[in-house]
Amino acid sequence: MDLPPYYPINDFGPAMKGIVIGGLGIFHVFLAMFAIGGGMLLCYFEWLGQTGRCPGAKKFVDGYFKAVVLVSFIVGAITGVAMWFTSIQVSPRTIGFMVHEFHWIWAIEWTFFSLEISSGYLFYRYGPKLTDVARLRLLATYAIASWFSLFWINGILSWQLTPGSWGDIGADTHSVWGGFFNAGFFPSLIFRTITAMTVASLAAMVIINLMPLDRAGKTDLINKSAHLLAPMIAMPVLGAWWTATMPADARATLFANIVMLMFLGMAVGSSVLIGLYAYFGLIRQRMYINGPTATLLTVLAFVATAGGEFVREGVRKPFTARAGLYSTSFTQVELDRLRQVGCVTNDPYPLQNADAYPSDQLRLGAKVFRFHCSVCHTYDGANAVLHLAGSWTPDQQRLNIAQLQRTKTFMPPFGGTPEELEALVQLIRWKSDGSPEAWPVSDDEATLAQIQAWLDEVGTRPGIELIHGGGAAEGGH
Ligand code: HEC
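Residues numbered from 1 in each chain as written. Predicted model: local features only at pLDDT ≥ 70, side-chain atom pairs only at ≥ 80, totals over all residues.

(A) Focus on the overall build of the protein. Along the backbone of the protein there are 19 helices and 2 strands. What you see for the protein is a C-alpha radius of gyration of 26 Å, in line with the 23 Å of a compact globule of 477 residues. Put simply, the protein has 477 residues, and 45% of those count as buried. Sequence separation of at least 24 residues holds for 79% of the intrachain contacts in the protein that already meet a minimum separation of 6. (Helix = DSSP H or I, 4+ residues; strand = E, 2+ residues; numbered from the N terminus. Rg over C-alpha atoms; globule rule 2.2 N^0.38 Å. Buried ≥ 20, exposed ≤ 12 C-beta atoms within 10 Å, placed from the backbone. Contact = placed C-beta atoms within 7 Å.)

In structure tokens form, the structure reads like this:
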């Protein structure tokens, strides 16, 4: 019947759901980058040590590796599983959809991940007892396996923005490989690889400073690990390549939206600072870098990663999958249907503290908010609806919510009935008024007719003009 599935959605109080998952995601991505780049760095250092190019290298490999293993295995595993845990509470449909469509890709990713963990643990446990050849082989296995886990997940993540020849969500058949090797696949894969090398190199400099070595020994190791910063020079080109593969409307959002520009600025600015320091200080002048400075640069790399991830998440709005799944977890066909039957008519899940609301209308409003707004808004915490719209007149609230996609192009169109919309407006008014014990029911025919007229006038298509880009097929919209 073209209705979306309903899931029991959790409420994180003042923390916006997007922020909960975004914040955790950024932390997890940074750790993953560290683990991947760490593999490459260790291979390089092991080779330097074995060929006599760097005397302190072997000691570093055994020391640094312990840090890589501890941080990336333990915290990485905790945050990785936490990603699933939060995804299924915040956006179960999106993650479910991605699992469904890319089932075997996830499975392949897992095999590489297992290899990464096993080889890493074996090196941790037996590394010092192994022959040189075995050490190098084991490290290479670790590095290759961890890079491939990036390779596989990257295809799914870049598909979210550029579905490519996978096609539209409504189509009868989909090409998994067409979706996997989408337009954004290679620029983001190479970009992330270089990011991983950068993060590992900077983190290595922090660790080198903690090692019991003399100044000359430290400087030598630092200069060697700075070699992994050299590929940063390709970042501007890769960034431009990636933006070129984006759907044109997403690119327009990126450059027209002040918040997006701020995050982009964060990513680019921090990367430029690291790049300049790396080039002039570490590579050309072969300078020594102390612990605090190395830590500062690592923090900058974290800021750059955070900015980049925010941009990646942001430019997709109002979709979580550009192939046709809105951030609100319904498709276009379902949206059209929800306008007829109501967005929460079939939502079986009870409200938390349902008795706290004085009327059924307000309970309806709370359900509409939960289903339709809570993924990006809270009432009075982050991106709070009460702050944004609490002081508006009732008709301003009705008009702007009825025409959500016009109010802000990154919001999906409103998918519900005039009664639901009025219930939401009353809920916002009731809450802005301090949640009094009694609240009159608003069911004036003329008001509902006016809301219907506004809904009809704006239609159900997204506010952004969906322009074909990067081979993204938007057929059916
Ligand atoms: C895909 C995420 C998303 C969804 C879903 C969403 N919004 Fe928004 N909304 C935003 C963002 C981001 C802003 C911008 C906030 C800002 O400008 O600070 C915004 C702004 C607003 C504003 C202020 C507009 C203005 O011109 O100042 C209102 C009102 C609003 N949203 C109401 C809603 C309501 C009601 C719902 C649910 C029916 C909803 N939004 C669903 C992301 C979303």
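Now that the structure is up, let's keep going.
(B) Up close: helix α18 (residues 418–432). Here α18 is 15 residues long and its end C-alpha atoms lie 21 Å apart, about the 21 Å a rise of 1.5 Å per residue gives. Counting buried positions along α18 yields 11 of 15 residues, so the element is predominantly enclosed. Among the residues making up α18, those that are buried are Pro-418, Glu-420, Leu-421, Glu-422, Ala-423, Leu-424, Val-425, Gln-426, Leu-427, Ile-428 and Trp-430. Check the buried side of α18 and you find it contacts α14 (360–372), α15 (385–389), α16 (394–402) and α19 (445–458). Just downstream of α18, Gly-434 is the residue with a positive phi angle, here 90°. (Expected span 1.5 Å × (residues − 1).)

(C) Expanded view of the site of the ligand. The ligand sits among 22 residues. The nearest are Ser-327, Cys-373, Cys-376, Leu-388 and Ala-389. Breaking the shell around the ligand down by element, the ones donating at least two residues are α15, α16 and α17 (404–407). Looking at the shell around the ligand, the element that brings in the most residues is α15, giving 3 residues. Partitioning the shell around the ligand into residue classes produces 13 nonpolar, 7 polar and 2 charged. (Near = placed C-beta within 6 Å. Nonpolar A, V, L, I, M, F, W, Y, C, P; charged D, E, K, R; others polar.)

(D) Inspection of the environment of Trp-47 at higher detail. With respect to the helices, strands and loops of the structure, Trp-47 is situated in helix α1 (residues 17–50). The spatial distance from the C-alpha of Trp-47 to the C-alpha of Ala-57 is 8.6 Å, given a sequence separation of 10 residues.

(E) Just the packing of helix α7 (residues 185–210) against helix α12 (residues 291–314), in detail. Their axes nearest at 8 Å, the elements α7 and α12 cross at an angle of 155°. One finds that α7 runs roughly antiparallel with respect to α12. Remark: the crossing between α7 and α12 carries left-handed chirality. Along its contact with α7, which presents Thr-195, Thr-198, Val-199, Leu-202, Ala-203, Met-205, Val-206 and Asn-209, the element α12 presents Gly-291, Ala-294, Thr-295, Leu-297, Thr-298, Ala-301 and Thr-305. Partitioning the contact of α7 with α12 into residue classes produces 8 nonpolar, 7 polar and no charged. (Axes fitted to C-alpha atoms, helices over the stretch in contact; angles between N-to-C directions. Parallel < 35°, antiparallel > 145°, perpendicular 65-115°, else oblique. Left-handed = near helix turned anticlockwise from the far one by under 90°.)

(F) Looking closely at unusual backbone geometry. Cis geometry is found at the peptide bond from Lys-317 to Pro-318, where omega equals 5°. Assignment of secondary structure puts Pro-318 in the loop between α12 and β1 (319–321). At Arg-286, a residue that is not glycine, the phi angle is positive and equals roughly 50°. The residue Arg-286 is located in the loop between α11 (258–284) and α12 in this model. Within the chain, Asn-353 stands out as a residue other than glycine whose phi angle is a positive 50°.

(G) Region of interest: the nonpolar core. If you look at the biggest cluster of nonpolar residues, it comprises 72 residues, and the most contacted ones within it are Val-199 and Ala-200. Those elements that provide at least two residues to this core are α1, α2 (57–90), α5 (132–161), α7, α8 (215–225), α9 (235–245), α11 and α12. Per-element tally for this core: the top contributor is α1, with 16 residues. Of all hydrophobic cores here, the second largest spans 46 residues; its members include Cys-376, Leu-404, Phe-410 and Leu-455. (Core = buried A, V, L, I, M, F, W, Y, C linked by C-beta atoms within 7 Å.)

(H) Focus on the environment of Gly-416. By the element assignment, Gly-416 lies in the loop between α17 and α18. Taking C-alpha positions, Gly-416 is 4.9 Å from Cys-343, a pair spaced 73 residues apart along the chain. Excluding anything up to four places from it in sequence, Gly-416 contacts Leu-338, Arg-339, Gly-342, Cys-343, Val-368, His-372 and Leu-421.

(I) View of helix α13 (residues 332–341). Every buried residue of α13 is listed here: Gln-332, Glu-334, Leu-335, Leu-338 and Arg-339. Down the axis of α13, the smallest arc covering the buried residues is 150°, so these residues share one side. Residues of α13 that are buried make contact with β2 (325–326) and α19. One or two positions beyond α13, positive phi appears at Gly-342, with a value near 95°. (Arc of directions from axis to C-beta.)

(J) Up close: the packing of α7 against α9. Running from N to C, α7 and α9 point in directions that differ by 150°, and their axes come no closer than 9 Å. Classified by the angle their axes make, α7 and α9 are roughly antiparallel. Regarding α7 and α9, the two cross each other, and that crossing is left-handed. From α7, Pro-187, Ser-188, Ile-190, Phe-191 and Ile-194 reach across to α9, where they touch Met-235, Leu-238, Gly-239, Trp-241, Trp-242 and Thr-245. When grouped by side-chain class, the residues that make up the contact of α7 with α9 number 8 nonpolar, 3 polar and no charged.

(K) The domain arrangement of the protein, seen in detail. As far as domains go, the protein holds domain 1 (17–318) and domain 2 (326–458). A separation of 40 Å is found between the C-alpha centroids of domain 1 and domain 2. Across the contact, 12 residues belong to domain 1 and 12 residues belong to domain 2. Within the residue set of the side of domain 1 that touches domain 2, elements represented by two or more residues are α1 and α3 (92–101). Per-element accounting of the side of domain 1 that touches domain 2 gives the leading share, 3 residues, to α1. Counted by class, the side of domain 1 that touches domain 2 contains 4 nonpolar, 5 polar and 3 charged residues. (Domains from an automatic or database assignment.)

(L) Examining the environment of Phe-263 more closely. On the secondary structure map, Phe-263 appears in helix α11. As for Phe-263 and Thr-51, which are separated by 212 residues in sequence, their C-alpha atoms are 43 Å apart. Filtering out sequence-adjacent residues up to four positions away, Phe-263 remains in contact with Gly-307, Phe-310, Val-311 and Gly-314.

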